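Residue-level structure breakdown
Each chain, written out:
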Amino acid sequence: MSIFEAVRSALTAIGANALRSALTMLGIIIGVAAVIAMVAIGSGARERVTSQIKSLGANLAIIQSGNVTQGGARLGAGASSTLTDEDAGAIIKEVEDVVAAAPVIFTRAQAVYAGTNWSTQITATDLDFFAAREWDVAEGRLFEPEELRKGEIVAIIGQTVAKNLFGEQNPLDQQFRIRNVPFKVIGVMAPKGQSALGQDQDDVIFVPLDTGRRRIIGRNYARDRSVQTIMVKFASEGAIAPGIEQTGALLRQRHRLMADQDDDFIVRNLTEIANTATQAATTLSWLLAAVAGVSLLVGGIGIMNIMLVSVTERTREIGLRLAVGARQRDVLAQFLIEATTLATIGGAVGIALGVGSALTIANIAGWPSVVSIETILIAVGVSGMIGVFFGFYPARQAARLDPIEALRRE
């Protein structure tokens, strides 16, 4: 019997018991659909987490003020500013492979323009911040070095601020107020989207570092040139670990910390956090796929069961085939192809259902899903292998029937 005839015979046998065949394929359909949908959603989640963390900037470390002790009381991380913009300057000069070191101060304030106002984050920093974050302007320009040196009253705004404060009006060269200080808009940043923590990164106003300290935040920062954070960008991912070690030693030296004293700063490696988050999302994706794969196992057992029933029902047919000259391998191939065809059809339906489910979930829940060709090809291959694996035993039983005994059986 040729392959074509074997497939035609398999389709005829499947069509003769359409309802039973459909119920048999149900396990494969559900299993393949669940695997594709779960892998697609898991891959989408992994890409979303990765893109959100990378939006902060590649090869980035963040240094924040750490624990300080006053009067014997430990005030906790960030309770007092132990970092200065001079620390940032020393880092970029003395630590190897540092591309940018941006001193930053954050606060929240109300921005007012004409009859409109908007509460937003004010970020006082210098040009290194935009290099560290890999963030460009969409309109206008960044700060000039002279504006930073003199502490000019100029501002660069994010897309969310531009929309909510100025509406459809072009914000460039417009003046607005922050705490009664008039600022001139010189640029609008390109959109960044949400951070990994769900924060709108475009809801921000950038001002020169000294301007923010003196005009918005207050004298406590301006007096000692304190900053809340220093963002350090390294040339490559491999330079981050040794660079952080050098940075820690440099800051301890600059802050005159004794050997028995704790660091008064905290260093966070964002690349390490990104890798951990990506690994967690990948593990979750494979866990979901493994759980969904149980349905494939159940579907395979269903195929074995129905093929054993088919062998029993068609014993006389098998005996007749063997009696007229069919070889054992011909009967084995016939039933094996029938089981594989059953599994492959179920896999094809499952693929369509899985892709549709993934896209539907993405549209309804707003959760990204990534359906890859590799996943679909693997699903097709796995469904076919299930047909071969679980169909082999029934096919072998059919091939080993004695023709005389088979023809005698009612």
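Residues numbered from 1 in each chain as written. Predicted model: local features only at pLDDT ≥ 70, side-chain atom pairs only at ≥ 80, totals over all residues. Heavy atoms only, no water.

Considering the UniProt feature "transmembrane region" (unreviewed entry) in the protein
Convention followed: UniProt positions are given in the numbering used here, feature names are shortened, and annotations may be inferred rather than shown by experiment. To qualify as a helix, a DSSP run of H or I must reach at least 4 residues; to qualify as a strand, a run of E must reach at least 2; elements of each kind are numbered from the N terminus.
Mapped onto this structure's residue numbering, the UniProt feature "transmembrane region" (unreviewed entry) falls at residues 21-45, 286-311, 331-355 and 375-393. Counting secondary structure, residues 21-45 comes out at 100% helix and 0% strand; the distance between its end C-alpha atoms is 36 Å. Each end of residues 375-393 is marked by a C-alpha atom, and these two atoms are 28 Å apart; helix forms 100% of the span and strand 0%.

Observations concerning helix 13 (residues 373-399)
Applicable threshold: To estimate how far a helix should extend, the number of its residues minus one is multiplied by 1.5 Å. The term bend refers to the angle at a residue between two fitted axes, each drawn through seven residues, those ending there and those starting there. The cut-offs for exposure are 20% and 50% of the maximum accessible area for each residue type, with area from a 1.4 Å probe on protein chains only; residues under the lower value are buried, those over the upper are exposed, and the others partly exposed.
For helix 13, built from 27 residues, the straight-helix expectation of 39 Å at 1.5 Å per residue is met to within 8% by its first-to-last C-alpha distance of 37 Å. Along its length, helix 13 reaches its greatest deviation from straightness, about 45 degrees, at Phe392, and the proline Pro394 lies no more than four positions downstream. Taken residue by residue, helix 13 has Thr375, Ala379, Ser383, Gly384, Ile386, Gly387, Phe390, Gly391, Pro394, Ala395, Ala398 and Ala399 as its buried positions.

Some remarks on a nonpolar patch on the surface
To keep it simple, the criterion reads: Think of a patch as exposed residues, more than 30% relative accessible area, with no salt bridge, where like charges cluster within 9 Å and nonpolar side chains (Val, Leu, Ile, Met, Phe, Trp, Tyr) cluster within 5 Å. Only the protein chains shown count as cover for residues, and the accessible areas themselves come from Shrake-Rupley with a 1.4 Å probe. The salt bridge definition used is simple: a Lys or Arg side-chain nitrogen within 4 Å of an Asp or Glu carboxyl oxygen.
A cluster of nonpolar side chains, namely Val7, Leu11, Ile345 and Val349, defines an oily patch on the protein surface of about 280 Å² accessible area. For the nonpolar patch, the secondary structure elements donating two or more residues are helix 1 (3-16) and helix 12 (328-365). By the secondary structure assignment, Leu11 is in helix 1.

Some words on the side chain of Gln121
In plain terms, the rule: We define a polar contact as two N or O atoms separated by no more than 3.5 Å, with the added condition that, inside protein, one atom must be a possible hydrogen donor and the other a possible acceptor, whereas residues neighbouring each other in sequence contribute only through side-chain atom pairs. Contacts are residue-level and defined by heavy atoms, with any inter-residue pair within 4.5 Å sufficient.
Mapped onto the elements of the fold, Gln121 is located in strand 6 (residues 116-125). Only 3.1 Å separates the side chain of Gln121 from the side chain of Thr123, close enough to count as a polar contact. Once residues within four sequence positions are removed from consideration, Gln121 is found in contact with Phe106, Thr107, Arg108, Gln199, Asp203, Val204 and Ile205.

Brief notes about the packing of aromatic side chains
Geometrically, a pair of aromatic rings is defined through the distance of the ring centres and the angle of the planes. To be explicit about the condition: Classification of ring pairs uses Phe, Tyr and Trp, with its six-membered ring standing for Trp, and accepts pairs whose centres are within 6.5 Å; under 30 degrees between planes counts as stacked, over 60 as edge-to-face, and the remaining range as tilted.
For the structure shown, the criterion picks out 9 aromatic pairs. Centre to centre, the rings of Tyr113 and Phe166 are 4.5 Å apart; their planes meet at 50 degrees, and the pair counts as tilted. Of this pair, Tyr113 sits in strand 5 (residues 98-113) while Phe166 sits in helix 6 (residues 159-166), and the two are 53 residues apart along the sequence. For Phe166, a relative accessible area of 5% corresponds to the buried category.

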